[in-house]
Each structure stands twice: as C-alpha cells, then as structure tokens.
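Observations on the model geometry
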Amino acid sequence: MHSSELTHADIVDLLTTVPAGDVYDRADKVRQAALGSDVHLRGLIEFSNICRNDCLYCGIRRGNKGVTRYHMDDDELVETARRAVDIGFQTIVLQSGEDLHYDANRMCRIIERIKAMDVALTLSIGEREYGDYQAFRNAGADRYLMRIETTDVDLYHRLNPGMSWQRRHECLLMIKELGYELGSGIMVGLPGQTVESIADDLLYLKSIGVDMAGIGPFIPHPGTPLAHEQGGTLEQALRTMAIMRLLLPDINIPATTAMESLHPQGRIMALQAGANVVMPNVTEGEYRRLYELYPGKICVNDTPIHCRTCIGLKIQSIGRTIGQGRGGHISRKNNIQQ
Ligand code: SAH
C-alpha cells in the first residue's frame, strides 16, 4: 500500500498543514480496507499503582506522596480477570507501575492461572530483565505493551530521571525477539516535543515492527512537576494516531482512554480516524480511582459490566461491529502460541 511509504517530510506535512479532517478520513479508509468494521475489546486490569520510577508526567510516580498506594493480591487479580472473561472479554491486559512485589515467579503463576481461562493475555508492567520476559512468555503471555513515550532521547532523559532510553529500546527488541506481539507507543504534546520528533516517533514504531501502537495526549497531573505545563490536544493526538494507521495499515491501534478524558466522544472520534481497538477498564472498586496516571480519567465510578455495555453501544452507534475472537495482529496470527 502506497500510504506506508510516507517520508519524514510527508508526516510533518500531515501533522501540520493538511486539514485534520482529511487525515482522519484517509486513516478511516485505510483501516476499513485492511481490517473491516471490527473493533476488538480488551479488558484492562490496573492491578498495582506502586512504582519504582519517577517519570515527571505520571500521576503514580514514586515521588507523588499524595497517592494512596495499592496492589492486588494474586487471588483478587485472578478473580478480576475471571469476571472480565465471564462478561465476554477475550483479551485481558494486566497493567501496573513497576512494582517489584510481583517477581517473575509470582507473575508466572498469575499468567498461568489467567491463561487457563483460554484468553489472550497482554502484560504492561514496564522494564524487566530478559529472563523475566522469557519466563512470562513461557508461562503463556501473548503480548507485551510498553510505550517508548518519545524517541527524542534528551527529552526522554529529562522526563524519566534515572532511566535510559537505550535500555527501554532494548527491552522492546527483546520482547519482539521472544515472539510476543509487541505493543508500543507515545504521548503527544509533551513539553518540548516537536512535530519533527513526533514524525521520528512514528517512523521508529514502524521500524521496530510494532503489532500494536497506543498514542495518547499528555495530560498534566497536578501532583507532578509538570502540573503547570500545557498538555497535548485531542487534535494533535488524533492526527498522530491517524498517521500511524497510514504507515501501518493492519496493526492494532487503540482509541485511548486519555483521548476520551479530553472529549466525551474522544474514543469514537478515534475509531473514526484509524483506531480499531478499545480497552475498557475492568478494574473494580476504589482501585480505578487510585490508578490515576492523569487527571480527569473517565469511568472511575463505573463497573466492568457498565463499561462493557456502554462502549458496545457506542461502537454499534457508528455502524461498527464488536470483533469476535482474540483480535491479534492479523499478519502474525499464526505465530501466537495458544
Ligand atoms: N509501568 C508501565 C505502564 C505505564 S502506565 C510501563 O512503563 O509501561 C501507561 C502509560 O500511561 C504510559 O506508558 C504513559 O504513556 C501514559 N501516561 C502516563 N502519565 C500520563 C499523563 N500524565 N498523561 C497521559 N498519559 C500518561
């Protein structure tokens, strides 16, 4: 497909001068041609907000003393997954801060118990050793999601004190090599981020062969050092996501929750600008509110079944269908270990 040959200059043009509506329409057509009407749902469990890192943008950074910390015990986590499976989710996503309470052994037992429910399992728990990634994969994890956040190395190091861009990049390569479906992505509208750097990000995600790319606006959190920064706009985030679709016509692209936090129809707009996945929150009770990466997070008082029903109706209202099956990256379907 020609669209996947876009150059850096083309991308900058699409980010800046081409009317936004035209970019969205192009992405929508590319998505329809490559993937049809299906929207795949993933049940997202936010199982711990404890984190050893101190990322300047993130509400659950180590240095934010205003956060009530929690982490689910194993049975609670597995039961949350079971209830999500019972209401129809065929992919479960486990996300947390970098919480070392969950060592490799403990994670593997959790993975095995969830995989016994006959669903696809995605991990989003940050940077680990190669041996851990290998163990998780052997225990049955199918996919791994870790955003590179930005490919501007200096910006990354300013925003993520004590972390290494190179190390994160290497983790993504290890994950790919181990045969996971690889998810990565970026935030749009970070302080000091330029359109040239966003174009680099998109080409980077293409070059590492992502199977999934999550793109969302940066939203300043009051409990962080970036509280008074500007934040990204919905348009900027949607444009970036739409161009990702032009570059990679058949990958999975979620309509991110952060988009809906900026606009009540944000996820629907995303689904009409290239996205084909939604990740409804299936975390229960107080935990939803406590997992606050950014302010204005949607659905904090809702239940899993409410979120499932609500998004299902929205998807149908725009003439789209709920995808059946696990909804892996279509080009890699045969590679996924069951
Ligand atoms: N610890 C895991 C999960 C991180 S949280 C990991 O490192 O991969 C998931 C994503 O939320 C982050 O990768 C980041 O892109 C996003 N995020 C964090 N703070 C945010 C903010 N203030 N605004 C928007 N997105 C944010």
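Details of the structure are given in the entry above.
Residues numbered from 1 in each chain as written. Predicted model: local features only at pLDDT ≥ 70, side-chain atom pairs only at ≥ 80, totals over all residues. Heavy atoms only, no water.

1. Side note on helix H13 (residues 304–317)
- With 14 residues, H13 extends 20 Å between its outermost C-alpha atoms, agreeing within 8% with the 20 Å of an ideal straight helix rising 1.5 Å per residue.
- Within the sequence span of H13, burial applies to Pro304, Cys307, Ile311, Gly312, Lys314 and Ile315. Within H13, the buried residues cover an arc of 165° as seen down the axis, which keeps them to one side. Among the exposed residues of H13, those oriented more than 90 degrees off its buried face are Leu313 and Ser317.
- Contacts from the buried residues of H13 go to strand S1 (38–41), helix H10 (257–262), helix H11 (266–271), strand S8 (277–278), helix H12 (287–290) and strand S9 (321–322).
- Looking one or two places after H13, you find Gly319, whose phi comes out positive at around 75°. (Helix = DSSP H or I, 4+ residues; strand = E, 2+ residues; numbered from the N terminus. Expected span 1.5 Å × (residues − 1). Buried < 20%, exposed > 50% of the residue type's maximum accessible area, 1.4 Å probe, protein only. Arc of directions from axis to C-beta. Contact = heavy atoms within 4.5 Å.)

2. Regarding the pattern of salt bridges
- Per the counting criterion, the structure on display carries 22 salt bridges.
- Ionic pairing is found between Arg143 and Glu181, a salt bridge with its closest N-O pair at 3.5 Å. Highlighted residues: Arg143 in strand S5 (residues 143–145) and Glu181 in strand S6 (residues 181–188), separated in sequence by 38 residues.
- Residue classification places Glu181 among the buried positions, given a relative accessible area of 4%.
- Put simply, Asp211 and Lys176 hold a salt bridge, and the shortest N to O gap is 3.4 Å. (Salt bridge = Lys/Arg side-chain N within 4 Å of Asp/Glu carboxyl O.)

3. A few points about the site of the ligand
- The full set close to the ligand counts 17 residues, and Tyr57, Ser96, Arg147, Glu149 and Ile219 are the nearest of them.
- Tyr57 is positioned such that a nitrogen or oxygen atom in its backbone is 2.9 Å from a nitrogen atom of the ligand.
- Between Ile219 and the ligand, the recorded distance is 2.8 Å, taken from a backbone N or O atom to a nitrogen atom.
- Protein contact buries 91% of the 560 Å² of open area that the ligand shows by itself.
- Per-class residue counts for the shell around the ligand are nine nonpolar, five polar and three charged. (Near = heavy atom within 4 Å. Polar contact = N/O pair within 3.5 Å; in protein donor to acceptor, adjacent residues only side chain to side chain. Areas by Shrake-Rupley, 256 points an atom, 1.4 Å probe, with all protein chains shown as cover. Nonpolar A, V, L, I, M, F, W, Y, C, P; charged D, E, K, R; others polar.)

4. Comments concerning the pairing of S6
- Most of S6 sits out of view: eight of its eight residues are buried.
- Residue alternation in S6 divides its side chains into two sets, Glu181, Gly183, Gly185 and Met187 and Leu182, Ser184, Ile186 and Val188, and both sets are buried.
- As paired strands, S5 and S6 are joined by three bridges and run parallel to one another. Of the residues in S6, the one forming a bridge with Arg143 is Glu181.
- The pairing of S6 with strand S7 (residues 212–217) spans six bridges and is parallel. (Pairing = 2+ DSSP bridges.)

5. Points about the packing of aromatic side chains
- Taken as a whole and assessed by the stated rule, the structure comprises five aromatic pairs.
- Measuring from centroid to centroid gives 5.1 Å for Tyr133 and Tyr144, while their planes differ by 85°, and the two rings are edge-to-face. On the criterion of sequence distance, the pair formed by Tyr133 in helix H5 (residues 130–139) and Tyr144 in strand S5 is long-range, its members being 11 residues apart. For the pair Tyr133 and Tyr144, a shared accessibility class is recorded, and that class is buried.
- An aromatic cluster is built from Tyr133, Tyr144 and Tyr180, whose rings are joined through pairwise contacts.
- When the ring centre of Tyr102 is taken as origin, the NZ or CZ atom of Arg106, which lies over that ring, is 4.3 Å away.
- In this structure, Arg137 packs its charged tip against the face of Tyr180, placed 5.5 Å from the ring centre. (Phe/Tyr/Trp six-rings, centres within 6.5 Å; stacked < 30°, edge-to-face > 60°. Lys NZ or Arg CZ within 6 Å of the ring centre and 35° of its normal.)

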